[in-house]
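# Fold and geometry: a report
As a plain string of letters, each chain reads:
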Amino acid sequence: MCGIFGYVGPRTSGALLLESLARLEYRGYDSWGVALGGAQGLQVRRQAGRIGDFRSEESPSSGGWGGIAHTRWATHGAPTESNAHPHLDCSGEIAVVHNGIIENFSVLKRKLESQGHKFRSETDTEVIPHLIEEMLKSQPDFQTAFVDALKLIEGTYGLAVISARHPGTLFVARHGSPMVLGLGKGEMMVASDPAALVAHTRRVVYMGDGEVATLTAGGHHTQSLDAIPVTHEVQQIAFDLPSIERGGHPHFMHKEIFEQPETIHNAFRGRMVHSEATARLGGLDDKLLRKVKKCHILACGTSWHAALVGKYLLENMARMPTEVSYAAEFRYANPVVEPGTLVIAISQSGETADTLAGVREATLRGATAIGICNVVGSSIARECGQGVYIHAGPEIGVASTKAFTGQLAVLSLLALHLGRMRGMSLRDGLQFMQAIEKLPEQVAETLKCDDSIKELARLYGDANNFLYVGRLYEYPVALEGALKLKEISYIHAEGIPAAELKHGPIALVDPQMPTVVLAAQSGILPKMMGNLQEIHARGGRIIAIAREGDTEIPRIAEHTLFIPPTLDPLVPILAVVPLQLLAYHIAVRRGCDVDRPRNLAKSVTVE
Amino acid sequence: MNCNLVLFEDHCLADMSPVTLTRPAFAVSSAAYNLYDVARMASSEISYIVRDYLAKSALRQFPAAAPAGGPTLFLNASVVPDVRYAEKIRKLMAAGRPFLCPVGQRVAAAFLPSGTPLPSGLTAESVTPFLLNCNLPLAESEHFALLDYPFQIIAHLKKVFPENIRLKAAEKKFAQVQPGVYAGKDVQIPHSAVFHAEQGPIVLDDGVRILDFTYFQGPLYIGPRSRVIEHASVKEFSSIGHTCKVGGEVECSIIEAYSNKQHHGFLGHAYIGSWVNLGAGTSNSDLKNTYGEIRIEHRGRRLDTGMQFFGCVIGDFSKSAINTSIFTGKIIGVSSMLYGYVSQNVPSFCNYAKSFGQVTECTLEQAIVTQKRMFARRNVQQSEEDVALLTRVFDMTRDERTLSAELPVL
């Protein structure tokens, strides 16, 4: 989710690098850094905060041949100057910028430290320059040492590397994190995103996974990790800049919905411990978790809906009594906080004022708090002192989408971890893990319903009211679907537990009231069939979310959207995707400003 | 391509203490067979992974093949020795489909296809993480029952007995000497012996000697060279190992090889290890006065057994004095000496005479000397491995003695 720009050629300057880097700032913005190669070796400048100025006197006075730059959105380590990229080896002669996550960095770091390497940051990235430095002890060829180091890395990376001992060459690698080469005249560039290249060239080469490239001012060479040369077609960038920033999507919300296969993967990447059939959440203290007798989740808005799913997960899988409160209600309610209570604060930004205040109130009353946040080093993360990041990357659309599914993924991991601690069987643990690992592919499959949902938006975009109904794990999804519709299309919508229909809301059902029925869980399908019949009998128009292969629901519902089969506790992660798209397309059809809905702010930092 | 069969002990065996302190988990008997026997029915060549300190002594009794390359079926050594599993194992090996079969918190079985590299030096501690890391598909229908706790040996005994004893009786070496009574070579049966095989076969293995006025109620099995003393009553679901002496009343119990219960007294729903000697009049209770479910204490936890009848578990090399009375559901460790009323669990290497106000440690030297004397009576030479094993188990169980409130004086 961070941004990389690298350049090799005659126009080398800090200003050029920063100008190009600024094009990527929309991707992340907690810190930045630049390394420039010149006659006197490498010059490095790093800083926390937004991209600043690079004064001309800081550029190489002579012999500048290239450089790399990075804008960071923290994943490992707080957004501080020392954690900002580029990271250097012990000698200060190798500089690395990196996007992605090195899953085995703890093991590599311990080994390198035992070999005498000194680390200066808390990041996973810093192992890379030290690893290359270590490889160079037995392998004088830099390119080979670079590849040898890559072979030891588990995880994902988009990398750009320069070495003071190899002026005029930029070393690049890609595995799971995009890298694009920009082909200029007498100069070469690399970036994690074409947005950084368009000001310089429109001729680009998209690198494939498992490839390394060497760039000089005169050209580039690409090969596989096994040294087999790779040739790519040169492509022309035809998009305008704002469109590139949105990755070709019409709105950030649409882009973020479509990023979910990747962001869900990021939420569990490196956290699955197959050898114990559990999840390892590095930010949590297991000794503390063993003492927990009860959980109390605090959240607001979409995060509160994730919290409701979390309650079902924790109670069902870990047999952990769990309460969920709106953070603002909790803090003013003179709450009872029993001994052994673990407060879980959920907030995308980590800055939600009410949730932060709720955490403070709970800890004053003796609770231990952990955070589930997206923004590293945010106020809630700092206040709690421990927690789990969802690694969803910056969420720009005001209506939360990928952060919600990221929160659900992390809550699933927490439930698995606590469950395994509290007697969940090995089989159940393994089944759950395998189901989680299928989710990115299943979300990608679910996203294929985009066109059908666009058509639904045409049919239902003029409705004034919507009902969303679901049971158990799908009840919070019903709430979330209704909230999405309300906040971006301004249509009144209500989410209710399906069984509550007959206690009042069914009076609203008529042919003008579309009802979205969530019926993809296998465990309570017969009950949901009953609800479908009730709505159908009263002339209601039903849009159903069903499990692939279900043949009964399409007989009753007017429209059925299918999601791939998964375990019931994971259904929310798939079922919410069509609802996000439905809200999005209806809002677009009604001409609403999807990314900046009226009266709303992305992060509610006021009470 | 040949398929390897590997019996593996795992990291959960501490809960099977004291039964598996001195023997591999696959060497626990139940209804005439142990799991090693069952595995041999499925494959002539098997190998195994046991705890390091048991490796040498295991090899003396249980031949092991070096695993060759190719597909491998891993079977947990704690799987219940049920002969029906032999056919299941054969089919799984023939099918060659990768799978992982977890049961509770343990891996019961896993099939690794050809080409999966087996790390060298797999241990009882590392084998389960290794198998889990192989990311094998979960078996949907396969199931193997595992022995997690000692009382489960008795809980499973009745379930496996009918098929195990049917197969045993069908072995070619046995001849039917009376309806439902099968005898091997050189079995001596007096006219005064009474056999009731209506509920299941009675199998008397080679060299079994039955003395006068004995009563047998099937199904039951008596191992080679064992002797049943006059007036004994050996009843249903009893499985006696080789070279044992049995007297008094025995019901639904397992007695491992070389153990003696030769005098009067009742033994019911009990597991007795090897080289145990129960003195005259030793009896155990296997039913609560309330007729309620039996709950036991085991390794600091209270466990519901789910059983109305459960007697006791006695580890290898332990002895009881005359008229010892063992209360319901008690677990006796390895190489302990019992006197009087045994109303609580007894750790390994203890002289337990609580009724007389004395509970002390049985020294290692005393245990070694006693073992040597007992071995000599059965023409068994005490080896360095035997002494090393006792020494190791003595050290391993030191904490349970010091933690026990039963041991005020050491």
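Shown above is the structure to which this text applies.
Starting afresh in each chain, residues are numbered from 1 along the sequence in its written order. A letter from A marks each chain and a number from 1 marks each ligand, given out in the order of writing. A pLDDT threshold of at least 70 governs which residues receive local features in this predicted model, and a stricter bar of 80 or more applies before side-chain atom pairs are shown or counted, although totals over entire chains, interfaces and linings include all residues. Heavy atoms from the whole structure form the basis of all side-chain values; hydrogens and water molecules are not counted.

### A few points about the nonpolar core
The following threshold applies: Among the buried residues, those of types Ala, Val, Leu, Ile, Met, Phe, Trp, Tyr and Cys that are joined through side-chain atoms within 4.5 Å form a nonpolar core. Think of it in three bands: residues with accessible area under 20% of the maximum for their type are buried, residues over 50% are exposed, and the middle band is partly exposed, with areas taken using a 1.4 Å probe on protein chains only. Helix and strand labels come from DSSP, where a helix needs a run of H or I of at least four residues and a strand needs a run of E of at least two; each type is numbered from the N terminus. Between two residues, a contact is recorded if the distance between any of their heavy atoms is within 4.5 Å.
The biggest cluster of nonpolar side chains holds 112 residues, and the ones touching the most others in it are L314, I344, F466 and Y468 of chain A together with F74, L100 and L131 of chain B. It is helix α19 (residues 571-589) of chain A that contributes the most residues to this core, 13 residues altogether. Sequence-distant contacts of L100 of chain B, that is, excluding residues within four places in its chain, are made with L430 of chain A together with V107, A109, A110, L131, L132, L136, P137, L138 and A139 of chain B. Counting residues in each nonpolar core, the second largest holds 87 residues, with F99, F111, A169 and L303 of chain B among its members.

### Side note on the pattern of salt bridges
Selection criterion: Within this document, salt bridges are pairs made up of a side-chain nitrogen of Lys or Arg and a carboxyl oxygen of Asp or Glu, the two lying within 4 Å of each other.
This structure, assessed with the given rule, holds 40 salt bridges over all chains. Between E256 of chain B and R23 of chain B there is a salt bridge; the shortest N-O distance is 3.7 Å. On the criterion of sequence distance, the pair formed by E256 of chain B in the loop between β18 (254-255) and β19 (260-261) and R23 of chain B in the loop between β1 (4-8) and α1 (35-42) is long-range, its members being 233 residues apart. Like R23 of chain B, E256 of chain B is buried. Across the pair K235 of chain B and E249 of chain B runs a salt bridge whose closest N-O atoms are separated by 2.7 Å. Pair noted here: K235 of chain B is in the loop between β14 (233-234) and β15 (238-240) and E249 of chain B is in strand β17 (residues 249-251), with a separation of 14 residues, a long-range link. You can call K235 of chain B buried: its relative accessible area is 19%. Residue E249 of chain B is classed as partly exposed on the basis of its relative accessible area, which comes to 28%. If you follow the salt bridges from partner to partner, you end up with K255, E259 and K402 of chain A in one network.

### A word on the interface of chain B and chain A
Convention followed: Values labelled buried area give the accessible surface lost by two parts on being combined, using a 1.4 Å probe and summing over both. Polar here means any residue other than Ala, Val, Leu, Ile, Met, Phe, Trp, Tyr, Cys and Pro, which are nonpolar, and Asp, Glu, Lys and Arg, which are charged; Gly is therefore polar.
Counting residues at the interface gives 15 residues for chain B, matched by 13 residues for chain A. Together, the buried faces of chain B and chain A total about 1100 Å²; carbon and sulfur atoms form 51% of this surface. Considering only the side of chain B, the residues that lose the most area to chain A are Q105, L132 and L138 of chain B, jointly responsible for 49% of the buried surface there. Mapped by element, the contributors of at least two residues to the side of chain B that touches chain A are β4 (99-103), β5 (106-112) and α4 (127-133) of chain B. Along the lines of polarity and charge, the residues of the side of chain B that touches chain A split into nine nonpolar, four polar and two charged.

### As for the pairing of strand β2 (residues 31-38) of chain A
All names here are of chain A. Test applied: Strand pairing requires that DSSP identify at least two bridges connecting the strands.
Of all eight residues in β2, eight are buried, a share of seventy percent or more. Neither face of β2 is open: one carries S31, G33, A35 and G37, the other W32, V34, L36 and G38, and all of them are buried. Here seven bridges tie β2 to strand β4 (residues 66-72), and the two strands are oriented antiparallel to one another. Directly across from W32, in β4, lies its bridge partner T71. In sequence, β2 turns back onto strand β3 (residues 41-48) through a hairpin of two residues.

### Things to note about the sheet that holds strand β31 (residues 341-342) of chain B
Residue and element names in this part refer to chain B. Judged by pairing direction, the sheet is parallel, and its three strands sit side by side in the order β23-β28-β31 without closing on themselves. Two strands bound the open sheet, and with one partner strand each, they are β23 (283-284) and β31. Sheet analysis places strand β28 (residues 325-326) next to β31, joined by two bridges and oriented parallel. Across the sheet, S325 pairs through a bridge with Y341, a residue of β31.

### Comments concerning the packing of helix α2 (residues 105-114) of chain A against helix α3 (residues 127-136) of chain A
All names here are of chain A. For clarity, the threshold we go by: A fitted line through C-alpha atoms represents every axis, and for helices the fit uses only the stretch in contact; the resulting angles, taken between N-to-C directions, go from 0 to 180 degrees. Oblique is the label for every angle not falling under 35 degrees (roughly parallel), over 145 degrees (roughly antiparallel), or within 65 to 115 degrees (roughly perpendicular). Rotating anticlockwise by less than a right angle from the far helix to the near helix defines a left-handed crossing, while the corresponding clockwise rotation defines a right-handed one.
Viewed as axis vectors pointing N to C, α2 and α3 meet at an angle of 50 degrees, and their least axial separation amounts to 10 Å. Compared by their axis directions, α2 and α3 come out oblique. Note that α2 runs across α3; the crossing there is left-handed. On α3, the residues that touch F105, L108, K109 and L112 of α2 are V127, H130, L131 and E134. Grouping the amino acids of the contact of α2 with α3 by side-chain chemistry returns five nonpolar, one polar and two charged.

### Points about the environment of P219 of chain B
All names here are of chain B. Along the polypeptide, P219 turns up in the loop between β11 (215-217) and β12 (220-222). Judged by its relative accessible area of 3%, P219 is buried. When the C-alpha atoms of P219 and I165 are compared, they prove to be 7.1 Å apart, with 54 residues separating the residues in sequence. With residues up to four places along the chain from it excluded, the contact list for P219 reads F161, I165, Q199, G200, P201, K235, E236, F237 and S238.

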